[in-house]
Amino acid sequence: MSLFNVLNPLLKGSNSLRPKFNGILFNNVCTITIRTLMKTHKGTAKRWRRTGNTFKRGIAGRKHGNIGWSHRSLKALTGRKTAHPAYLKHLKRLLPYH
């Protein structure tokens, strides 16, 4: 038994029994469609930024615990790093609207 067969007696009745969607009356249940959206992964969105065809991120290891490190080794940890081409497919899935 389909959903339409179950709801068909209700649809033939008064307007108060017909399904409403945003205040619009529908005669047919099949006209209501639901659009699913992909969700942005918030942890990834905080760490990666989109550039032309790729993504960039900060280099890890510079936030704290660096007392006693040489300036040369700390300077190597500054700046940005681009995403590896093998990881782009994953990043595009995690950040669909960036």
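Above: the structure in question.
Summarised in this report is the structure supplied together with it. (Residues numbered from 1 in each chain as written. Predicted model: local features only at pLDDT ≥ 70, side-chain atom pairs only at ≥ 80, totals over all residues. Heavy atoms only, no water.)

Structural notes on a nonpolar patch on the surface
- A contiguous nonpolar surface patch, about 360 Å² in accessible area, is contributed by Leu37, Met38 and Tyr97.
- Turning to its location among the elements, Leu37 is positioned in the loop between strand 2 (24–25) and helix 2 (42–47).
- Judged by relative accessible area, Leu37 falls into the exposed class, the value being 58%. (Patch = residues over 30% accessible without salt bridge, like charges linked within 9 Å, V, L, I, M, F, W, Y side chains within 5 Å. Areas by Shrake-Rupley, 256 points an atom, 1.4 Å probe, with all protein chains shown as cover. Salt bridge = Lys/Arg side-chain N within 4 Å of Asp/Glu carboxyl O. Helix = DSSP H or I, 4+ residues; strand = E, 2+ residues; numbered from the N terminus. Buried < 20%, exposed > 50% of the residue type's maximum accessible area, 1.4 Å probe, protein only.)

Regarding the nonpolar core
- Listed in full, the seven residues of the largest apolar core are Ala45, Trp48, Phe55, Ala83, Leu88, Leu91 and Leu95.
- Apart from the residues within four sequence positions on either side, Ala83 is in contact with Trp48, Thr54, Phe55, Leu88 and Leu91. (Core = buried A, V, L, I, M, F, W, Y, C linked by side-chain atoms within 4.5 Å. Contact = heavy atoms within 4.5 Å.)

Topic: the pairing of strand 4 (residues 55–58)
- The pairing of strand 3 (residues 48–50) with strand 4 spans three bridges and is classified as antiparallel. Looking at strand 4, one finds that Trp48 is bridged to Arg57.
- Between strand 3 and strand 4, which follow one another and run antiparallel, lie four residues.
- As judged from the three bridges shared by strand 4 and strand 5 (residues 80–82), these two strands associate in the antiparallel manner. Opposite Gly58, over in strand 5, you have Arg80 as the bridge partner. (Pairing = 2+ DSSP bridges.)

Here's the deal with the sheet that holds strand 5
- If you trace the three strands from one edge of the open sheet to the other, you get 3-4-5, paired in antiparallel fashion. A single partner strand is all that each edge strand has here, and the edge strands are strand 3 and strand 5. The average angle at which neighbouring strand axes cross in this sheet is 35°, direction not considered. (Axes fitted to C-alpha atoms, helices over the stretch in contact; angles between N-to-C directions.)

Quick look at the environment of His41
- On the secondary structure map, His41 appears in the loop between strand 2 and helix 2.
- What makes His41 partly exposed here is its relative accessible area of 40%.
- Expressed as a C-alpha distance, the spacing of His41 and Leu95, which sit 54 residues apart in the sequence, is 6.4 Å.
- Setting aside residues no more than four positions away along its own chain, His41 makes contact with Leu94 and Leu95.

Some points on a positive patch on the surface
- Together, Arg49, Lys56, Lys63 and Arg80 make up a region of like positive charge exposed at the surface.
- If you trace the backbone, Lys63 turns up in the loop between strand 4 and helix 3 (71–75).
- A relative accessible area of 79% means that Lys63 is categorised as exposed. (Lys, Arg positive; Asp, Glu negative; His and termini not counted. Charge placed at Lys NZ, Arg CZ, Asp CG, Glu CD.)

So, the side chain of Asn66
- Counting through the fold element by element, Asn66 comes out in the loop between strand 4 and helix 3.
- The contacts of Asn66, once residues within four sequence positions are left out, are Gly61 and Leu74.

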